[in-house]
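Spelled out from the first residue to the last, the chains are:
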Amino acid sequence: MDFAPARMFTRHFDKVGVPYEKWGARELSRRLPAVDTGRYFPPRPVDDDEFFADASARLGALHTPDGGFVDDPQLAAHHLATAAQRQGAAFRWKTPVTAVMRRGGRVRGVRLKDGTELSAGVVVNAAGPWSGQLNRLAEVGGGFTVGLRPLRQEVHHVAAPAGYHDAGGDGGGPVLADMDLGTYIRPEGREFLLVGGTEPGCDPLEWLDDPDDGSPLPTVSQFRTQVTRAARRLPGLRVPNKPRGVAGVYDVTDDWTPVYDRTDLDGFYVAIGTSGNQFKNAPLVGRVTATLIHGVEGGHDHDRSALTHTCEHTGQTIDLGAFSRRRRPASSTGTVLG
């Protein structure tokens, strides 16, 4: 097994002390007997005759025993909102912003659809897939060297094959990020799986001009594609005739790396382009954004000399220039995995 591609991740694991194990094909089969260890790369459309070709080799895996996922994103978001309220945050639900107010080249607040004006010397655009629309209201974005667009994505819900959840040791089952077939799989409770895609080059992406145009219902075509790929990796998985799952809209930059930065409008900051991989980083993103705002508002020229943030638990230093609106495209997987 050639683990060279995994160096994109393991060099960071080594730096910050994240434990991992390299499993060969035999070890992968022993640990996860429900998994077919065949190598089928590159990912192909499921209608391609080559999709069902025999494996060209056997795959191993990179196992991160401390890895995990947010099992209930809605509950987690509620907890974050409650924690913010305890610190003095207030929420205005279902109240669109219709204008970003400015005076003398500096932001002075926002105007809501009901006419309410909220005055503020600092405004942060964290509007997710609507971030581009808010930037246009603020008349910023022209100086960005990375673009961002709303991208509709689907995640599908299927019954787990027999024995899959037992492989986790605690009844939870493993999470699989399968770049070989272009899919990812994670447990959903103790009987089901969620199956999503990793944006392989053979799949068309559903970019939207308006994030509100994205249907929340799964489609037959994407369900069949993603679940059939998952069934190639998990031979015991059955592909139902009727799609079941959810669809949403990501806020995606050209290089799938977020933008945490100031803008050309003084006092107007952005925490955008977070795609589908930054939710678990939310507390750190808040601290990074606070470091950015305090530094720039204190007079630091972040465009000339990027600020840094020191992580409170690890002591590692993050160069905030990596998230600049004016950066060169970053090196990443080019997928939702970041």
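In the block above lies the structure referred to throughout.
It should be emphasised that the depicted structure is a prediction, and the values quoted were computed from it without experimental measurement.

Peer 1: Would you take a moment to explain the overall build of the protein chain for this structure?
Peer 2: Scanning the protein chain from terminus to terminus reveals six helices and 18 strands. Against the globule reference of 20 Å for 338 residues, the protein chain gives a C-alpha radius of gyration of 22 Å, in line with a compact fold. If one aligns the C-alpha atoms of the protein chain with their principal axes, the spans along those axes are about 65 × 45 × 40 Å. A burial count over the protein chain gives 39% of its 338 residues as buried. On the protein chain, roughly 18600 Å² of surface is accessible, and the fraction owed to carbon and sulfur atoms is 51%. Computed over 39 positive and 41 negative side-chain charges, the inter-centroid distance for the protein chain is 3 Å.

Peer 1: Is there a simple way to explain the side chain of Asp251 in this structure?
Peer 2: By secondary structure assignment, the location of Asp251 is in strand β14 (residues 245-253). Summary of buried charges: Asp251 has no salt-bridge partner, and the nearest side chain of opposite charge, Arg136, is 9.6 Å away. Excluding anything up to four places from it in sequence, Asp251 contacts Gly128, Pro129, Ser131, Leu148, Arg149, Ile272, Gly273, Thr274 and Ser275.

Peer 1: Any chance you could explain the nonpolar core here in plain terms?
Peer 2: Soluble, globular proteins show a tendency: their nonpolar side chains are buried together. Membership of the largest hydrophobic core comes to 19 residues, with the highest contact counts inside it found for Val158, Tyr164, Leu176, Ile185, Leu193, Leu234 and Leu237. Those elements that place two or more of their residues in this core are β12 (192-197) and α5 (220-233). The greatest single-element share of this core, amounting to four residues, is contributed by α5.

Peer 1: Is there a simple way to explain the packing of aromatic side chains in this structure?
Peer 2: What describes a pair of aromatic rings is the distance from one ring centre to the other and the angle between the planes of the rings. According to the stated counting rule, one finds four aromatic pairs in the structure shown. Judged by centre distance (5.8 Å) and plane angle (45°), the ring pair of Phe13 and Tyr20 falls under tilted. For the pair Phe51 and Phe52, a centre-to-centre distance of 4.7 Å together with 85° between the ring planes defines the contact as edge-to-face. On the basis of relative accessibility, which here comes to 4%, the residue Phe51 falls in the buried class. Residue classification places Phe52 among the exposed positions, given a relative accessible area of 52%. The ring centre of Tyr40 lies 4.1 Å from the NZ or CZ of Arg232, which sits over that ring.

Peer 1: What is the right way to look at the sheet that holds strand β16 (residues 268-272) in this model?
Peer 2: Adjacent strands of a sheet pair through backbone hydrogen bonds, lying either parallel or antiparallel. Ordered by their spatial adjacency, three strands build an open sheet running β8-β16-β15, and the pairing between neighbours is mixed. Strands with a single pairing partner mark the edges of an open sheet, and in this sheet they are β8 (123-125) and β15 (259-262). Strand-to-strand, the axes of this sheet are offset by a mean angle of 15°, without reference to chain direction. Across three bridges, β8 lies against β16 in parallel orientation. Counted as the bridge partner of Val124 is Tyr269 from β16. The strands touched by helix α4 (residues 131-138) are β8 and β16; relative to β16, the strand with the most contacts, the crossing angle is about 165°. Running at roughly 20° to β15, helix α6 (residues 282-297) makes contact with β8, β15 and β16 of the sheet.

Peer 1: Before we go on, may I ask you to explain the pattern of salt bridges in this structure?
Peer 2: Applying the stated criterion across every chain yields a total of 24 salt bridges. For Glu21, the salt bridge is made with Arg31, and the minimal N-O distance between the two is 3.7 Å. Of this pair, Glu21 sits in strand β1 (residues 21-23) while Arg31 sits in helix α2 (residues 25-31), placing them ten residues apart in sequence. Exposure remark for Glu21: the relative accessible area of 30% places this residue in the partly exposed category. Residues participating in the shared-partner salt-bridge network are Asp261, Asp264, Asp303, Arg325 and Arg326.

Peer 1: Sorry if this is basic, but what is going on with the sheet that holds strand β5 (residues 97-103) here?
Peer 2: The strand order β5-β6-β7 describes an open sheet built from three strands, whose pairing is antiparallel. Lying at the two open borders of the sheet, with one neighbouring strand each, are β5 and β7 (117-119). This sheet shows a mean twist of 30° between the axes of neighbouring strands, independent of strand direction. Direction of pairing for strand β6 (residues 106-112) relative to β7: antiparallel, over a ladder of three bridges. Looking at β7, one finds that Gly109 is bridged to Ser119.

Peer 1: Teacher, can you tell me more about unusual backbone geometry here?
Peer 2: For residues that are not glycine, phi is negative in most cases, and the peptide bond is trans in most cases. Residue Phe41 is joined to Pro42 through a cis peptide bond whose omega torsion reads 0°. For Pro42, the position within the fold is in the loop between β2 (38-39) and β3 (57-58). Phi is positive for Glu199, close to 55°, though the residue is something other than glycine. In this structure, Glu199 sits in the loop between β12 and β13 (206-207). Note on Glu199: relative accessible area 13%, which makes it buried. Despite not being glycine, Ser275 has its phi angle at roughly 45°, a positive value.

Rules and cut-offs
- Residues numbered from 1 in each chain as written.
- Predicted model: local features only at pLDDT ≥ 70, side-chain atom pairs only at ≥ 80, totals over all residues.
- Heavy atoms only, no water.
- Helix = DSSP H or I, 4+ residues; strand = E, 2+ residues; numbered from the N terminus.
- Rg over C-alpha atoms; globule rule 2.2 N^0.38 Å.
- Buried < 20%, exposed > 50% of the residue type's maximum accessible area, 1.4 Å probe, protein only.
- Areas by Shrake-Rupley, 256 points an atom, 1.4 Å probe, with all protein chains shown as cover.
- Lys, Arg positive; Asp, Glu negative; His and termini not counted.
- Charge placed at Lys NZ, Arg CZ, Asp CG, Glu CD.
- Salt bridge = Lys/Arg side-chain N within 4 Å of Asp/Glu carboxyl O.
- Contact = heavy atoms within 4.5 Å.
- Core = buried A, V, L, I, M, F, W, Y, C linked by side-chain atoms within 4.5 Å.
- Phe/Tyr/Trp six-rings, centres within 6.5 Å; stacked < 30°, edge-to-face > 60°.
- Lys NZ or Arg CZ within 6 Å of the ring centre and 35° of its normal.
- Pairing = 2+ DSSP bridges.
- Axes fitted to C-alpha atoms, helices over the stretch in contact; angles between N-to-C directions.

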